[in-house]
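If you want the building blocks of each chain, they are given just below.
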Amino acid sequence: MDFAKFKNSKALKIGLAIAIPTVLVGAYFGYKFIKKNYGTPKGKGEVTAESKHQNKIVFTKS
Amino acid sequence: MANISVSIPLTQKSFYDTTSAKANADRINNIIKPKYGKIIDNISKITNVPSELIYSFVFIESRGSETAETPYAVGLLQLSPATASDVLIKEKGLGRLEKEESEMLKKYLGGRYELIANVKPNQKTIGKTFITREDLLKPELNLLIGSILLSQMINEFTEDGKVRLDKIAVIYNTGRFSKVGKEAIAHSGTTDELITKIPQGQADYITKLVGKHSLMEGIV
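What you see is a predicted model, and the numbers here were worked out from it, not measured in a lab. (Residues numbered from 1 in each chain as written. Chains lettered and ligands numbered in written order. Predicted model: local features only at pLDDT ≥ 70, side-chain atom pairs only at ≥ 80, totals over all residues.)

**Things to note about the domain arrangement of chain B**
Residue and element names in this part refer to chain B. For the record, the criterion: Per the annotation, domain bounds derive from an automatic or database assignment of domains. Placing a C-beta atom from the backbone of each residue, one calls two residues in contact when those atoms lie within 7 Å. A run of DSSP states H or I qualifies as a helix once it reaches four residues; a run of E qualifies as a strand once it reaches two. Both are numbered from the N-terminal end. Residue polarity is assigned by list, with Asp, Glu, Lys and Arg as charged and Ala, Val, Leu, Ile, Met, Phe, Trp, Tyr, Cys and Pro as nonpolar; anything else, Gly included, falls into the polar class.
Here chain B is partitioned into domain 1 (16-150) and domain 2 (157-213). Distance from the C-alpha centre of domain 1 to the C-alpha centre of domain 2: 20 Å. Listed as interface residues are seven residues of domain 1 and, on the opposing side, five residues of domain 2. At the level of secondary structure, the elements contributing two or more residues to the side of domain 1 that touches domain 2 comprise α1 (18-47) and α2 (51-62). Here the residues of the side of domain 1 that touches domain 2 are counted per class, giving four nonpolar, two polar and one charged.

**What to know about the interface of chain B and chain A**
For clarity, the cut-off: The pairing criterion is simple: DSSP has to find at least two bridges between the two strands.
Between chain B and chain A, the residue contacts involve 31 residues of the former and 21 residues of the latter. At seven residues, the largest contribution of residues to the side of chain B that touches chain A is made by strand β1 (residues 2-8) of chain B. Here strand β1 (residues 55-61) of chain A pairs with β1(B) via seven bridges, running parallel. When the bridges of β1(B) are listed, A:I57 appears paired with B:I4.

**So, the environment of B:R112**
By secondary structure assignment, the location of B:R112 is in the loop between α4 (99-109) and α5 (113-117). Considered as a pair, B:R112 and B:F130 are 18 residues apart in the sequence and their alpha carbons are 7.3 Å apart.

**A few points about the packing of α4(B) against helix α7 (residues 139-156) of chain B**
Residues and elements named next belong to chain B. This is how the line gets drawn: Between N-to-C directions, angles cover 0 to 180 degrees, with each direction set by a line fitted to C-alpha atoms, over the stretch in contact for helices. Angular relationships are summarised with four words: roughly parallel below 35 degrees, roughly antiparallel beyond 145, roughly perpendicular across 65 to 115, and oblique for the angles in between. Helix crossings are classified by the rotation of the near helix relative to the far one: an anticlockwise turn of less than a right angle makes the crossing left-handed, while a clockwise turn makes it right-handed.
The contact between α4 and α7 brings their axes to 10 Å, and the two run at 140 degrees. As summarised for this structure, α4 and α7 are arranged oblique, according to the angle between their axes. With respect to the hand of their crossing, α4 and α7 are arranged in left-handed fashion. Seen from α4, the contacting residues are E101, M104 and Y108; seen from α7, they are E140, L141, L144 and I148. Each residue belonging to the contact of α4 with α7 can be placed in one class, and the counts come to five nonpolar, no polar and two charged.

Here it is, written out as structure tokens:
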């Protein structure tokens, strides 16, 4: 195969024009999918108190 | 130390009827308390988790049987070795591990306590499960680690001055990485709204814990 000829071919240009956006879009949605389904859930908060004794819970009956 | 008041029940929905509620309170007061009351009171003091909450979780998770085992979880508070290991590493990494807790852990873990002692600030994992199923069959150790987990959740899920025991119930039951756990974490509505949008099993967990005729209502 003549590589120099292939490098300038229309087929390569069309192939790359399809492949590059496909890979980028696939990577973007793949990242979003993995982050959504397997990422660490970000809650309302994280454990922030440096001590367990900052607050005391008092139960009352309503 | 500031007081946070939690009014029980959190919802008028119920899992138990009045007869079951009385039987449950009797089991806690006449069977679980005489057997584990001293340990639970001490751990409640050390971890600052209300003893009523520990009793209720013990009842739901194992009905007070220290030998309760499933393929996934073990003992009074039904912990898995992986969760138990992660809880201790996280607690140490956050700088929240109290002296009394460290002493108790040393007593049960021996040389393995070094794995916890060497945790650096803000480290969340050591990528290793060092707590065994046998460890979790020991009531005091099981209650200590489970209560530390509850204490972390109480801190995380105290929102606008309200302790979201409904969310804690769901996440204790399913874990935070499950679909339902993530739904509960993101939920910003009331307890009743949460109950209507999650599966029956987790909705029942909430009503068992903090609904009308619930365990908490019976012993508070």
